[in-house]
Number of protein chains: 4
Amino acid sequence: MQRIGVLTSGGDASGMNSCIRAVVRKAIYHGIEVIGIKRGYSGFIEAEMYPMNLGSVADIIHRGGTILHTARSERFKTKEGRALAMENVQRFGIQGLVVIGGDGSFTGASIFHQEYGIPVICVPGTIDNDIAGTDYTIGFDTAVNNVVDAINKIRDTATSHERTFVIEVMGRGSGNIALAAGLAGGAESILIPEIPFNVQDICHKLLSGLKRGKLHSIILVAEGAASGLEIGKQIKELTGLDTKVTILGHLQRGGIPTAFDRTLAARLGAKAVELLKDGETNKMVGIKSGEIVATDLTEVIGQPKSIDKEMYELAKILSI
Amino acid sequence: MQRIGVLTSGGDASGMNSCIRAVVRKAIYHGIEVIGIKRGYSGFIEAEMYPMNLGSVADIIHRGGTILHTARSERFKTKEGRALAMENVQRFGIQGLVVIGGDGSFTGASIFHQEYGIPVICVPGTIDNDIAGTDYTIGFDTAVNNVVDAINKIRDTATSHERTFVIEVMGRGSGNIALAAGLAGGAESILIPEIPFNVQDICHKLLSGLKRGKLHSIILVAEGAASGLEIGKQIKELTGLDTKVTILGHLQRGGIPTAFDRTLAARLGAKAVELLKDGETNKMVGIKSGEIVATDLTEVIGQPKSIDKEMYELAKILSI
Amino acid sequence: MQRIGVLTSGGDASGMNSCIRAVVRKAIYHGIEVIGIKRGYSGFIEAEMYPMNLGSVADIIHRGGTILHTARSERFKTKEGRALAMENVQRFGIQGLVVIGGDGSFTGASIFHQEYGIPVICVPGTIDNDIAGTDYTIGFDTAVNNVVDAINKIRDTATSHERTFVIEVMGRGSGNIALAAGLAGGAESILIPEIPFNVQDICHKLLSGLKRGKLHSIILVAEGAASGLEIGKQIKELTGLDTKVTILGHLQRGGIPTAFDRTLAARLGAKAVELLKDGETNKMVGIKSGEIVATDLTEVIGQPKSIDKEMYELAKILSI
Amino acid sequence: MQRIGVLTSGGDASGMNSCIRAVVRKAIYHGIEVIGIKRGYSGFIEAEMYPMNLGSVADIIHRGGTILHTARSERFKTKEGRALAMENVQRFGIQGLVVIGGDGSFTGASIFHQEYGIPVICVPGTIDNDIAGTDYTIGFDTAVNNVVDAINKIRDTATSHERTFVIEVMGRGSGNIALAAGLAGGAESILIPEIPFNVQDICHKLLSGLKRGKLHSIILVAEGAASGLEIGKQIKELTGLDTKVTILGHLQRGGIPTAFDRTLAARLGAKAVELLKDGETNKMVGIKSGEIVATDLTEVIGQPKSIDKEMYELAKILSI
């Protein structure tokens, strides 16, 4: 292995820069050259590629987003698109590929590997923490802390008013962010796509909390479970309580990465280089029970990852 | 003046605690006792009142919200309500009143003063910065920094995608938060109630920015100017650009107060006590051109406060 | 088990409040009453104790420090002191004890259990992450993020100058904070008590970095490894480089707890109550490989916990 | 005026990037070209200069430090150095110069103007707020908030222990940061170079506070007034109290600029361009009583700026 490529794909996640830095420096440490591929598979097809050195990744560890930029590419889903990417693999002399992204990005990497035999190692970078084969994905801890920071601010002001606050957070298919932030933020109710809920139950809990002297309630809604605005409207109608809605949107994604995300990203990126160096391919690196491990992509792609029921139950008990 | 009361009323604002602390400690320094009145005029009517000492305001300077809590009171708008409050004035031996709040709270204070002759000094505490007679209100700087922090996070992630971000911020009648945060955050467009706008112009600017290589655009919308969701929908329809919407809601209000808000609040609170001690009444303390000044309530209540047009023009020039 | 006591002891750690909240609410959920013991073993001896209810732990999840306060108690190290504490156990009808703290606090708990047979469950709360039997202690993640935040700020400004920055962080006997923050913060050198170092090697690395165009260097020093001021002085003498020193001190301890610390604290606190309920004693709850586990105190107290050598090597490779 | 140069000089200050952005965009708006000069007067002498366009200042508004870098230049203090700079003025066709920095940088600008007649407009960018002719300098508000954030963290943890905390902050010749942060942070004592102090008085205040039940005390020391370590040692000796010292150092300088600093910087930068366009020279732009004004450099350079005594007195009264 003398030269590898690295790209970030799909939605960006805070900590990706730490991962890129680790890939570049670990590779150079082992005498391997690195080609940065910009804007995910789009740049791979269009040859937006450049050699990276130690300085290319200086002073990026604390930046949100990704210096390689990211994009979703429809063309890479076609044979023609991948053929163009393969031309760039040859043109730039790339012998292995590190793909940082989510499930869709891994699918592309896997097909590309099958078609052209080029070794690929995937790294889970997505705020949703919805990838099988790893306990945590890069960007999840930062996203959760962003939501918790929003809850902090709302909580400070909320103690002054008898009010209900609904906060809509990211998570189309997964309630992981809502659950983790709800537990850490002390939310009264957490609505996630994995678990059916009933607005009347929530209202009942709200009202009995009020009776006991609770000054306010915070309800976290994963976007995949319901619309925050809709839930707010229903609560208002059913209880008559003044209900305020916040939709956090993309502010969850960005911001300075937490120490946890940076360290996880560094470990995963370094491991990806090691695997390529050792002749491995078609694997995703992940963290399981605190250990950095590699899992075959076939056991990762399209596999469901269930939420932590113990956490959900704990959140319920602690928010009484 | 041997004993004064202090209350916070209307929407809470970060920095109110620093103001309460200043009122209490300045008063005690001058040998004046302080009665804390909880939940604004509601607690005034219902005698939720207690003597405050130096320790009552220890370790509150860095807390958002208000330790005295706040509420909106319909009863204080009635003669009966105010009569009950006057009974509590007599019962607790209060000889002067500090009211921290916004325009509505000042109106109540002014009527109460007219009816019963009790000296009142008002302090502008509202995140909207929409009070005449002062350049800044308590809570405005914190709210603006909260919005700017949200823009920071969105900006970090935004550079990775060609996208338009719409952020809806507070301001029903006033575009001050949107304008200040938009200028400081480098927003491409700022929609405020004071200045007519046209979605087609915004789209035109978006598209010409894109052509010049701008990777993303951030549009700030004061809730009084338009609905963020609606603007997002229109932009998407008119341009075809992927447009994401964030509604910040109450997270703007809270959080740890900035140094600016704490200092302003401390100076205003201390001045309010001085005015009461000097026999003044029916005045609002404020900051004008860096100086702490007192303005007659008649020149404050119901008076419009125009936005800073120079700022608006500067924001436009700098976001080209 | 009808009534338990809970106390925090030793140095405070961010997240302790989340743990107290979990102990109280989990206990009440199981019909167990909770007595809060203030100021650690001091308050235990002096009967600074009060019944806690659901409301006692409302709105504390996001506060640094501990609402129960903490102290180091010399008297509890004596038979007489512990006898007085035992009187309070009987007086308040306490049947089990949750002790949140570090190694010294656990020793006290263990002796108390041996002498009087009262069940004790310990929870590791200390920023140093130096307790055997758990991968993480409460407060460590927040402390690391506090240090990383300081590095962020210094890094932003540092790129403007050719300068060396020395940051002294906590850790008398353990380099865990320095190592984790150094890896996450991208420090050029990390000096910890566990690994011998040589200032000349550091200077050599500094100078060769400078030659390669590195604009600045950040050196993290655990207080147990050396004095930051001393290291700064030596580097200046050996290299002639302008070297600036920051001593973070107690700002590492406090601040709003991270989501990680709150969740860990909640899980550990809840588990402690479960163990007491199940008749267990003389155990510490901890997290090992992602699982909440209980370890006998004899395997915890006084046991060394080695640093993660893999992390240290990774940090070295990535900072070339 | 067809082409101007811009540089940042001296210590960097958060918000400088917002100022550079304003200079560049305001100039381009008026059809004026901009040459960026790197590393202050050093780059001016060594022709580290490049043309800037709208994109050169994209996505920098929220970054600490300065994208133009900064340095202190001994050569520019010599006739020879300035002659070389003048050669670059001619070579790059520069007709006016914007210098962002402090007193030393202004002196250089003034001499350069006298010698070669090239118009110069200065902008006050220094965290110390020690420049005459302006109420605030760029970077001061961010530095104060950085210190206040440190106090927040220490305060949270401090309430758990009976302890004294000494925090050494920047300010060799000026106590402005210590004073502003001490007032906003609620410090018990503030030691600044402008006002004589006595450690025995401080100890007396500490001990009487303790007697009244104060759980902790925070003492802010400007580096120009005393050494934090020395003050900590003396307090410990005189009172026997456990005293902890934090030296904030360069973390005060950096970090994401506050809204206040960005807005101030933008307004000052835009005004500087206007003045050059209008044929002005040898002036500093500043903010006085909320208005952007221009002051002759002769009234700025070397002029003392006294601290705000009212603030100092208020801080004393509020910390009783």
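Residues numbered from 1 in each chain as written. Chains lettered and ligands numbered in written order. Predicted model: local features only at pLDDT ≥ 70, side-chain atom pairs only at ≥ 80, totals over all residues. Heavy atoms only, no water.

In the annotation of an unreviewed UniProt entry, chain A is listed under the name ATP-dependent 6-phosphofructokinase and assigned to Desulfotomaculum nigrificans. Among the UniProt annotations of chain A, the heading Cofactor (unreviewed entry) holds the following wording: "Mg(2+)". Taken directly from UniProt, the Sequence similarities (unreviewed entry) text for chain A runs: "Belongs to the phosphofructokinase type A (PFKA) family. ATP-dependent PFK group I subfamily. Prokaryotic clade 'B1' sub-subfamily." (UniProt positions renumbered as here; feature names shortened; annotations may be inferred.)

**Student:** Help me out: how do you make sense of the interface of chain A and chain C in this one?
**Tutor:** One frequent convention defines the size of an interface as the accessible area lost when the parts assemble. Contacts between chain A and chain C engage 42 residues on the former and 42 residues on the latter. A combined buried area of about 3,800 Å² lies between chain A and chain C, and 61% of that area is made up of carbon and sulfur atoms. Linking R155 of chain C and D59 of chain A is a salt bridge whose minimum nitrogen-to-oxygen distance equals 2.7 Å. One can count 17 residue pairs in polar contact (both at pLDDT 80 or more) joining chain A with chain C. Elements with a contribution of two residues or more to the side of chain A that touches chain C: α1 (16–29), α5 (140–158), α6 (176–185), α9 (259–277) and α10 (309–318) of chain A. Across the side of chain A that touches chain C, the residue classes tally to 19 nonpolar, 11 polar and 12 charged. (Contact = heavy atoms within 4.5 Å. Buried area = accessible area lost by both parts, 1.4 Å probe. Salt bridge = Lys/Arg side-chain N within 4 Å of Asp/Glu carboxyl O. Polar contact = N/O pair within 3.5 Å; in protein donor to acceptor, adjacent residues only side chain to side chain. Helix = DSSP H or I, 4+ residues; strand = E, 2+ residues; numbered from the N terminus. Nonpolar A, V, L, I, M, F, W, Y, C, P; charged D, E, K, R; others polar.)

**Student:** Whenever I open this one, the sheet that holds strand β11 (residues 291–296) of chain B confuses me. Can you help?
**Tutor:** Strands belonging to one sheet form pairs held by backbone hydrogen bonds; the direction of such a pair is parallel or antiparallel. Residues and elements named next belong to chain B. What the 7 strands build is an open sheet, ordered β3-β2-β1-β4-β5-β10-β11; its pairing is mixed. The strands lining the two open edges of the sheet, one partner per strand, are β3 (49–52) and β11. Recorded for the sheet is a direction-independent mean angle of 30 degrees between the axes of neighbouring strands. With 5 bridges connecting them, strand β1 (residues 3–8) and strand β4 (residues 96–101) associate as parallel partners. Across the sheet, the residue bridging to V6 is V98, located in β4. (Pairing = 2+ DSSP bridges. Axes fitted to C-alpha atoms, helices over the stretch in contact; angles between N-to-C directions.)

**Student:** Please clarify how the relation of the copies chain A and chain C should be interpreted in this entry.
**Tutor:** Mapping between the two chain copies consists of a rotation about an axis together with a translation along that axis. Of the transformation superimposing chain A on chain C, the axial component is 0.0 Å and the angular component is 180 degrees, with the fit at an RMSD of 0.0 Å. When the rotation and shift are considered jointly, the pair of chain copies conforms to a two-fold rotation axis. Closest to the rotation axis within chain A is the C-alpha of S289 of chain A, separated from it by 1.9 Å. Most of the interface of chain A is mirrored in chain C, where 100% of its interface residues are also at the interface. (Least-squares fit on C-alpha atoms with pLDDT ≥ 70 in both.)

**Student:** Would you take a moment to explain the interface of chain D and chain C for this structure?
**Tutor:** Taken together, the contact between chain D and chain C spans 34 residues of the former and 36 residues of the latter. When chain D packs against chain C, the two sides together hide about 2,700 Å² of surface, and 53% of this comes from carbon and sulfur. Where chain D touches chain C, the interface holds 2 salt bridges. Among the ionic pairs, D149 of chain D bridges to K153 of chain C, the shortest N-O distance being 3.6 Å. Where chain D touches chain C, the interface holds 7 residue pairs in polar contact (both at pLDDT 80 or more). Looking at the side of chain D that touches chain C, the elements with two or more residues in it are α5 (140–158), β6 (163–169) and β9 (243–247) of chain D. Looking at which element gives the most residues to the side of chain D that touches chain C, the answer is α5 of chain D, with 7 residues. In terms of residue class, the side of chain D that touches chain C is built from 10 nonpolar, 17 polar and 7 charged.

**Student:** Explanation requested: the domain arrangement of chain A in the structure shown.
**Tutor:** All names here are of chain A. Domain parsing of chain A yields domain 1 (3–139 + 257–299) and domain 2 (141–254). Between the C-alpha centres of domain 1 and domain 2 the distance comes to 34 Å. At the interface, 12 residues of domain 1 touch 11 residues of domain 2. The junction of domain 1 with domain 2 conceals about 970 Å² of combined surface from both sides, 52% of it contributed by carbon and sulfur atoms. Three residues, I127, D128 and T258, lead the burial of domain 1 against domain 2; their summed loss comes to 48% of the area buried on that side. Connecting domain 1 to domain 2 are 0 salt bridges. Inspection of the region where domain 1 meets domain 2 yields 8 residue pairs in polar contact (both at pLDDT 80 or more). Residue classes in the side of domain 1 that touches domain 2 are distributed as 3 nonpolar, 5 polar and 4 charged. (Domains from an automatic or database assignment.)

**Student:** Just to check I follow, could you spell out helix α10 (residues 309–318) of chain D for this structure?
**Tutor:** Because an α-helix completes one turn every 3.6 residues, residues spaced three or four positions apart along the sequence face the same direction. The set of residues buried in α10 of chain D consists of M311, Y312, L314, A315, I317 and L318 of chain D. Where α10 of chain D is buried, its residues meet α1 (16–29) and α9 (259–277) of chain B together with α6 (176–185) and β7 (189–191) of chain D. Here α10 of chain D starts with a cap whose side-chain oxygen sits 3.1 Å from the backbone nitrogen of E310 of chain D, and that cap is D308 of chain D. (Buried < 20%, exposed > 50% of the residue type's maximum accessible area, 1.4 Å probe, protein only.)

**Student:** Would you take a moment to explain the environment of L220 of chain B for this structure?
**Tutor:** All names here are of chain B. Relative to the assigned elements, L220 resides in strand β8 (residues 216–222). Given a relative accessible area of 0%, L220 falls into the buried group. Distance in space between the C-alpha atoms of L220 and I167 is 5.0 Å, their sequence separation being 53 residues. Once residues within four sequence positions are removed from consideration, L220 is found in contact with V147, I151, I167, V169, A178, A181, G182, A187, S189, I190 and L191.

**Student:** So what exactly am I meant to see when it comes to the packing of α5 of chain D against α6 of chain D here?
**Tutor:** Each packed pair of helices is defined by two parameters, the angle between the axes and the distance between the axes. Residue and element names in this part refer to chain D. At their nearest, the axes of α5 and α6 sit 9 Å apart, and the two run at 45 degrees to each other. The angle between the axes of α5 and α6 places the two elements in the oblique class. The hand of the α5/α6 crossing is right-handed. Mapping the contact onto sequence places F140, A143, V144, V147, V148, I151 and R155 in α5 and N176, I177, A180, A181, A184 and G185 in α6. Here the residues of the contact of α5 with α6 sort into 10 nonpolar, 2 polar and 1 charged. (Parallel < 35°, antiparallel > 145°, perpendicular 65-115°, else oblique. Left-handed = near helix turned anticlockwise from the far one by under 90°.)

**Student:** When you look at the packing of aromatic side chains in this model, what are you seeing that I'm missing?
**Tutor:** Any aromatic ring pair is given by two values, namely how distant the centres are and how the planes are angled relative to each other. The final tally for this structure, using the stated rule, is 30 aromatic pairs over all chains. Ring plane angle 0 degrees and centroid distance 3.9 Å describe the contact between Y41 of chain C and F76 of chain C, whose orientation is recorded as stacked. Separated by 35 residues along the polypeptide, Y41 of chain C in helix α2 (residues 40–45) and F76 of chain C in the loop between β3 (49–52) and α3 (79–91) bring together distant segments of the chain. One aromatic cluster is present, formed by Y136, F140 and F260 of chain A together with Y136, F140 and F260 of chain C through successive ring pairs. (Phe/Tyr/Trp six-rings, centres within 6.5 Å; stacked < 30°, edge-to-face > 60°.)

**Student:** Help me out: how do you make sense of the UniProt feature "binding site: Mg(2+)" (unreviewed entry) in chain A in this one?
**Tutor:** When the UniProt feature table is mapped to this numbering, "binding site: Mg(2+)" (unreviewed entry) covers D103 of chain A. Here D103 of chain A is in contact with I131, V300, I301 and G302 of chain A, once residues within four sequence places are set aside.

**Student:** Can you walk me through the sheet that holds strand β2 (residues 33–37) of chain C in this structure?
**Tutor:** Residues and elements named next belong to chain C. Read from one edge of the open sheet, 7 strands run β3-β2-β1-β4-β5-β10-β11, paired in mixed fashion. The open sheet has two free edges, formed respectively by β3 and β11 (291–296), since each of these has just one partner strand. Looking at each pair of strands side by side, their axes are set apart by 30 degrees on average, direction ignored. Here strand β4 (residues 96–101) pairs with strand β5 (residues 120–124) via 5 bridges, running parallel. By the bridge assignment for β5, V98 is matched with I121. Packed on one face of the sheet, helix α1 (residues 16–29) meets β1 (3–8), β2, β3, β4 and β5 and runs near 180 degrees to β1.

**Student:** I would appreciate a short explanation of the UniProt feature "active site" (unreviewed entry) in chain A in the present structure.
**Tutor:** Residues and elements named next belong to chain A. With numbering matched to this structure, UniProt assigns "active site" (unreviewed entry) to D128. In this fold, D128 is placed in the loop between β5 (120–124) and α5. Those residues in contact with D128 that lie beyond four places of it in its chain are T137, F140, G171, S174, N176 and I177.

**Student:** Which parts of the structure should I look at to understand the pattern of salt bridges?
**Tutor:** Two side chains carrying opposite charge are able to pair once their charged atoms lie near each other. Scanning the model with the defined rule gives 60 salt bridges over all chains in all. In this structure, E46 of chain C and R75 of chain C form a salt bridge, with 3.8 Å as the shortest nitrogen-oxygen distance. Here E46 of chain C is found in the loop between α2 and β3, whereas its partner R75 of chain C is found in the loop between β3 and α3, with 29 residues between them in sequence. A network of salt bridges, in which partner residues are shared, links R39, E46, E48 and R75 of chain A.

**Student:** Help me out: how do you make sense of the pairing of β4 of chain C in this one?
**Tutor:** As a general feature of sheets, a regular strand has side chains that alternate between the two faces. Residue and element names in this part refer to chain C. With 6 of 6 residues buried, β4 is to be regarded as a mostly interior element. Neither face of β4 is open: one carries G96, V98 and I100, the other L97, V99 and G101, and all of them are buried. At this point the chain moves from β4, through helix α4 (residues 103–116), to the parallel β5, and the crossover so formed is right-handed. (Right-handed = clockwise from strand over helix to strand, strands pointing away.)

**Student:** Help me out: how do you make sense of the state of the cysteines in this one?
**Tutor:** By definition, a disulfide is the covalent link that joins the sulfur atoms of two cysteine residues. Taken as a whole, this structure holds 0 disulfides over all chains when the rule is applied. For C122 of chain B, which is in no disulfide, the shortest distance to another cysteine sulfur is to C19 of chain B and amounts to 11 Å. (Disulfide = S-S within 2.5 Å.)

**Student:** How should I be thinking about helix α7 (residues 199–211) of chain B in this particular structure?
**Tutor:** All names here are of chain B. With 13 residues, α7 should cover 18 Å at 1.5 Å per step; its first-to-last C-alpha distance of 18 Å lies within 8% of that length. Within α7 the residues assigned to the buried category are V199, I202, C203, L206 and G209. End-on view of α7: buried residues confined to an arc of 125 degrees, all on one side of the axis. Turned more than 90 degrees away from the buried face of α7, the exposed residues are Q200, D201, H204 and K211. Residues of α7 that are buried in the fold lie against β6 (163–169), β7 (189–191), β8 and α8 (228–239). Positive backbone phi, at 105 degrees, marks G213, one or two positions downstream of α7. (Expected span 1.5 Å × (residues − 1). Arc of directions from axis to C-beta.)

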